[in-house]
Structures are given as C-alpha cells and as structure tokens.
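Here is how the chains run, residue by residue.
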Amino acid sequence: RSTASIGIALFTDRREVVDELLKRADLAMYEAKAAGRNTLRFFDPEMQAVVTARAALEAGLRAAVQKEQFVLHYQAQVDSSGRVIGAEVLLRWQHPERGLVSPCAFIPLAEETGLILPIGQWVLETACRDLAEWSSQPQMAQLALAVNVSARQLHHAGFVTQVLAAIECSGADPHRLKLELTESLLVHDVEDAIAKMRALKAAGVGFSLDDFGTGYSSLSYLKRLPLDQLKIDRGFIGGILVDSDDAAIARMIVDLGASLALDVIAEGVETEAQEELLARLGCHAYQGYLFSRPVPKLAFEALVAAV
Ligand code: C2E
Ligand code: MG
Ligand code: MG
C-alpha cells in the first residue's frame, strides 16, 4: 500500500525559473509530509521565510562555534539563610549584530543539528575551569556549579569520557560539578542514561532533574535514576501563591524529594512571599530574580563577596 504526499506550487509568471518552481513544490511536499503524510500542501512564501531563517541561524551557529562567540552567565543558588551555595551556568550567544542571544533562540536548533555537542563541551570545560580557579579562593571554594546537559549530549557515545576529561584537564573537584538533566532524556534509552549517570556519579559528579513536573515524569524511572536533586520548574513557582494546583504540585515535589532522599531546589523565585511559602513547604534552596539574575562571571564573584 502506498500513499502520496503532494506539494503544489503555482506557475504564475512565465519568466519564473523552473528550478525555483520545483524547489517551492519540494518545500510544500515536505510540509505535507510533516503534516502526517498522505495529504497535500500549497507552497506559501511563509514556508520559504521559515526555511531561510533556519538556514541563516544554522550558518550563524556554525560560525559561532568556530569563533567561540559564546559566554556563560552565572545565576546564584542560595540556601534559606541567603548564603550563596553555588550557581547555574547559563549559555548566551554573543552575536556580532544581534547582541546577547538567549539560549531559547538557538539551543533547539543546536540540538537538531548536533552542534550542541561542541557547544556543550565548551560549556562543561569553561565551568570546570571556573571551579578549579575558585578552589584556591576561600570565598568561592565551596560553591557548586550546575551545568545544563541536553539529551542529545548525554546519549552521545563519548559523553562520560568527555566530562571526565574536562574535570581532569582543569583540575576541578568533581563533587562541585552538578549536571542538570531534563525529563526528556527519559523518552529514549533510559538504560543508557542510567549507566552513564552511574559512571559519572562514581567519579563524584552530581545530578539534578531540571524543570521537574513539566515533562513525562515516570516515578518508577525516578527511583532508578541516580539523582541528587529535583528542581521545581519555575512554571509552578510563578503561581504558587494564587493557584492552589501549583502549590499542591510544589508540595508534592518537596515530599517526593524527602521520601526519595533527594534535595529540592526551586527555580524562578521572584518574591519574598514565594520564598516564605516554599520554606513552609520544606524547600530550602532557591534560585531566581529575587536573589540575582544570571550575570557575567565578574558580577557573580562580586555578588558572592558582598553577601
Ligand atoms: P533552565 O535550565 O530551566 O534555566 C532556567 C531559566 O530560567 C534561565 O533562562 C533563567 O534565566 C530563567 N530564570 C531564572 N530565574 C528566573 C526568575 O526568577 N524569573 C524568570 N522569569 N526567569 C528566571 P535562560 O538563561 O534563558 O535559559 C533557558 C534555557 O536554556 C535553560 O532553562 C536551559 O534549558 C537552556 N540552556 C541554558 N544554558 C544551556 C547550556 O549550556 N546547555 C544546554 N543544553 N541548555 C542550556
Ligand atoms: Mg537548568
Ligand atoms: Mg529549569
């Protein structure tokens, strides 16, 4: 049994080049396939704009990797006494024309194209170098750095070796490095994820489950993953004071953490009232604009010195 996906482009102008016309029909055909196949789509200029923008972004990202146009910003994580206990490193693209570009604008494409592998390695190496540098500064030596790792990175065959190499080359204390994973890694090959997490954990590296509660949370996997921390997604923190469902979910995550012997940290804490409620629920670690926005390294070091 065969089905057809059909792309249609209108031939409106005699001067039009045949190649161009076929390209449009081809684009429309891919749209038909993306829409579930066995259907048809007419070309519209919007399709062209999306494809062109994507190609430009991809070319820009490739150049950015070569020219090392990335920087890290550091967002403080604090305990209930307000003491800075570490930071999450957040990637920014220092674009020559567009200025600082948010990771939301390029991480998905970096994952799709595989560029997340060299980019992610650079993030890891930079964070490890920071840890090594701070280890000789009394005020900074106790801090932990949390690094976001995408599913694509984790499932790459060389992942464990590369993390260990970054630690070894820099001389960082692996106990100060925490990798943030999201539940999306549970969708493919959980066994692979567990084996790699175990190997890194044996070397002292910690793990946090980011954006917890938003994805496909399987409690049976949760029990098997060698995690250290659950990170309550900021989507629940935003409504925690006004939405009883959000508050109930936050409470549930704190209780779950307690019963599985996992730390719990809340992200996106913006007001004192949110912090107080979280403390009452039993959550004693926080990250959010209330304490600090993500800032460049020097500003983060100044923040730690000031507290
Ligand atoms: P995430 O890991 O969940 O990071 C938290 C995001 O929440 C950050 O956005 C941070 O700036 C923002 N945030 C923190 N506190 C508050 C707050 O109080 N209010 C509000 N409204 N927002 C807050 P950012 O820096 O834009 O990063 C977005 C996402 O990009 C991250 O979400 C993470 O998934 C991804 N990302 C960032 N850096 C990396 C990286 O090095 N590697 C990978 N694979 N992903 C990264
Ligand atoms: Mg994160
Ligand atoms: Mg998060």
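All values derive from a computational prediction rather than experimental measurement.

**Q** Report on the coordination of the magnesium ion (ligand 3), specifying residues and quantitative values.
**A** Protein coordination at the magnesium ion (ligand 3) comes from Asp210 (OD), Asp211 (OD), Glu267 (OE) and Glu267 (OE), with a distance range of 2.0 to 2.4 Å. All donors to the magnesium ion (ligand 3) come from one chain, and their sequence spacing reads D-D-x55-E. The class of Asp210 is buried, set by a relative accessible area of 6%. Overall, Asp211 belongs to the partly exposed group, its relative accessible area being 25%.

**Q** Pulling in residues and values, what's your account of the site of ligand 1?
**A** Not every one of the 25 residues close to ligand 1 is listed here, only the nearest: Arg92, Asp210, Arg234, Glu270 and Tyr289. A distance of 2.8 Å separates an oxygen atom of ligand 1 from a polar side-chain atom of Arg92. In this structure, an oxygen atom belonging to ligand 1 sits 3.4 Å away from a side-chain N or O atom of Glu267. When ligand 1 sits alone it has 810 Å² of accessible area, and the protein chains cover 86% of it. Only strand E4 (84-95), helix H4 (116-134) and strand E8 (206-212) provide two or more residues apiece to the shell around ligand 1. Element by element, the count of residues in the shell around ligand 1 is highest for E4, at four residues. A breakdown of the residues in the shell around ligand 1 according to their chemical character gives 10 nonpolar, seven polar and eight charged.

**Q** Outline the coordination of the magnesium ion (ligand 2), supporting the account with residue identities and numerical values.
**A** Coordination of the magnesium ion (ligand 2) by the protein involves Glu88 (OE), Asn148 (OD1), Glu180 (OE) and Asp210 (OD), with metal-donor separations of 2.0 to 2.2 Å. Counting gaps between the donor residues of the magnesium ion (ligand 2) yields the pattern E-x59-N-x31-E-x29-D. The two metals, the magnesium ion (ligand 2) and the magnesium ion (ligand 3), are separated by 4.1 Å and share Asp210 as a common coordinating residue. Taken together, the residues span a long stretch of sequence, with Glu88 in strand E4 and Asn148 in strand E6 (residues 144-148) at a distance of 60 residues. Residue Glu88 is classed as buried on the basis of its relative accessible area, which comes to 4%.

**Q** Lay out the pairing of E4 in plain terms, naming residues and giving numbers.
**A** For E4, the tally of buried residues reaches 10 of 12 residues, placing the bulk of the element in the interior. Across nine bridges, the pairing between strand E3 (residues 70-79) and E4 is antiparallel. Within E4, the position partnered with Tyr74 by the bridge is Val89. Connecting the antiparallel pair E3 and E4 is a turn made up of four residues, with Gly82 showing a positive phi of about 90 degrees.

Scoring rules and cut-offs
- Residues numbered from 1 in each chain as written.
- Chains lettered and ligands numbered in written order.
- Predicted model: local features only at pLDDT ≥ 70, side-chain atom pairs only at ≥ 80, totals over all residues.
- Heavy atoms only, no water.
- Donors = N, O, S within 2.8 Å, 3.2 Å for Na, K, Ca; no water.
- Buried < 20%, exposed > 50% of the residue type's maximum accessible area, 1.4 Å probe, protein only.
- Near = heavy atom within 4 Å.
- Polar contact = N/O pair within 3.5 Å; in protein donor to acceptor, adjacent residues only side chain to side chain.
- Areas by Shrake-Rupley, 256 points an atom, 1.4 Å probe, with all protein chains shown as cover.
- Helix = DSSP H or I, 4+ residues; strand = E, 2+ residues; numbered from the N terminus.
- Nonpolar A, V, L, I, M, F, W, Y, C, P; charged D, E, K, R; others polar.
- Pairing = 2+ DSSP bridges.

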